[in-house]
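Chain by chain, the residues run as shown.
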Amino acid sequence: MTNALRAQMPPAHPFDDDKLKEECGVFGVVGVDNAASVVALGLHALQHRGQEAGGIVTHSFPQGFSSARRFGLVRDNFTDESTLATVPGPIGIGHVRYSTSGSKGATQIRDVQPFFGEFSMGGAAIAHNGNITNALQLRKELVERGSIFQSSSDSECIIHLMARSMGQNIPDRMEEALRKVEGAFSVVAMTRTKLIGCRDPLGVRPLVLGQLGDGWVLASETCALDIINATFIREIEPGEMVVASAKGVESHFPFRRAKSRFCIFEHVYFSRPDSILGGRSVYETRENIGRELAKENPVDADLVCPVPDSGTPAAIGFSLESGIPYAMGIIRNQYMGRTFIEPSESIRNMGVRLKLNVNRALVKNKRIILVDDSVVRGTTSRKIKEMILEAGAAEVHFRIASPPTAWPCFYGVDTPQREKLLAATMSEEEMRDHLGVDSLKFISLDGLYRAVGEAKGRDKNAPKYCDACFSGEYPVKPADMLDQGFEMKTAAE
Ligand code: SF4
């Protein structure tokens, strides 16, 4: 990418490298006029899942397949008529990306999805959310057998595996390809006339089905159905493949059945609070997390303040449960964007202050409970604590709406290496002292499970969710990472 292009790219989370970065968002529609416009709206609603780049592929007769892929935000790339006119047709898929594999931090346009492949029975495009944990092994085998990769993305393996399949049609080839893939995937794909959606056997990443008039929609989250006024039909089940066309929706289960292990962090942070996951409002779940947190870790204080915006529903829940008043003690500048893309050193040093400011009049001489969704490296938490104390707060108590993040995610979420995770190297007390706060408490894993509807907490023998970044128990062996020396949790840990 040229420097000029890179300069046009807004940073994913400006000055916020202390959050886990969401994976990607996928969207597809069949049977509507101007599919590309619908896809653009859907991707806009999914922008929180990836801000680095986006792409749309459509098909129309007689033009065939068309694609538009760009760096940056959907609103800056896919709203003008001239761009959308280049991707005509009644069927289309799209993808927003935050790079979780491939050329991280140095994305090339060839890494931007959807990917396209031409097969003997016609073309197909795919968009993938998740991470293939055996991608390096697959890639090596495929290259040795003659495949020529265009990108550095793990997702391209699926196209090459499809090319090698002997299946008679695209859905059959996709099925065969996905059976060889390990890890987490929610895939949206299209042929000339069919929209295909598939989730991995554990259903780690989300995917939902909606209806729009006579057409069908697939999306990472229900908020992307709301924006186009589509009706939410249901979630695609773990291990399910659906094929939607003018004839309706066919469903089948091509993989060995397994118990679902949906990503519990989607409930905590990744998904939008106005989405529905597993039949539950994400907002209400986050409020429940705050209530559980207050029950488990009460503290005498004057105000409960969220670290905006992601800590807000949990802070409201904490306040409701504890009876301690809720207040906006920290105000977020909603207009962070392109202004400081190439900040000078002095502006860069202002860091978190560019984004967050303390409401001085509110916090002065008060004992403050700060509710945040997670602690990753702890750098932002430290700065926020300093700002609150400088503003005259009497005490600062951190309450965290997830258990300590002590393990990296290999299923489509960008996490720092294990040694960079604060909780991997420090006990809770050490983290409290490191952050310099009066108290620091995390919700327990059992408390988190209760908040997502498991009344008895986490079943140690058969956990219902993926919680590997907290527990170190990986539901799918991260084969490539093990090859590279990653050490799984031992029985003694
Ligand atoms: S490791 Fe954590 S972030 Fe990754 S899928 Fe599992 S719960 Fe989600």
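Predicted, not measured: the structure shown is a model, and the values here were computed from it. (Residues numbered from 1 in each chain as written. Predicted model: local features only at pLDDT ≥ 70, side-chain atom pairs only at ≥ 80, totals over all residues. Heavy atoms only, no water.)

A. Quick peek at helix H10 (residues 282–296). In a regular helix each residue adds 1.5 Å, so 15 residues correspond to 21 Å; H10 covers 21 Å between its end C-alpha atoms and thus fits that length. Of all the positions in H10, only Val 282, Thr 285, Arg 286, Glu 287, Ile 289, Gly 290, Glu 292, Leu 293 and Ala 294 are classed as buried. Between the side-chain oxygen of the N-cap and the backbone nitrogen of Tyr 283 there are 3.2 Å, and the N-cap of H10 in question is Ser 281. (Helix = DSSP H or I, 4+ residues; strand = E, 2+ residues; numbered from the N terminus. Expected span 1.5 Å × (residues − 1). Buried < 20%, exposed > 50% of the residue type's maximum accessible area, 1.4 Å probe, protein only. Polar contact = N/O pair within 3.5 Å; in protein donor to acceptor, adjacent residues only side chain to side chain.)

B. Structural view of the UniProt feature "binding site: Mg(2+)" (unreviewed entry) in the protein. Here, the residues flagged by UniProt with the feature "binding site: Mg(2+)" (unreviewed entry) are Ser 310, Asp 372 and Asp 373. Of the residues just listed, which span 64 residues, no C-alpha pair is farther apart than 7.1 Å, and they cluster in one region. Tracing the backbone through its elements, the reader meets Ser 310 in the loop between strand S17 (303–306) and helix H11 (312–322). Once residues lying within four places of it in the same chain are set aside, the contact partners of Ser 310 are Lys 19, Tyr 269, Asp 372 and Asp 373. With respect to the helices and strands, Asp 372 occurs in strand S20 (residues 367–372). Under the relative-accessibility criterion, Asp 372 is labelled buried at 3%. Discounting residues that sit within four places of it in the chain, Asp 372 has contacts with Lys 19, Val 307, Ser 310, Gly 311, Arg 399, Ile 400 and Ala 401. (UniProt positions renumbered as here; feature names shortened; annotations may be inferred. Contact = heavy atoms within 4.5 Å.)

C. Up close: the site of the ligand. Taken together, 13 residues surround the ligand, and among them Arg 205, Cys 263, Cys 409, Cys 466 and Cys 469 come closest. In this structure, the ligand is accommodated by the largest cavity. Ranked by residues supplied to the shell around the ligand, first place goes to helix H9 (residues 264–270) with three residues. Along the lines of polarity and charge, the residues of the shell around the ligand split into 11 nonpolar, no polar and two charged. (Near = heavy atom within 4 Å. 1 Å grid on protein atoms, 1.4 Å probe; cavity = no way out; pocket = protein on both sides within 12 Å on 5 of 7 lines; lining within 4 Å. Sits in = over half its atoms within 2 Å of the grid points. Nonpolar A, V, L, I, M, F, W, Y, C, P; charged D, E, K, R; others polar.)

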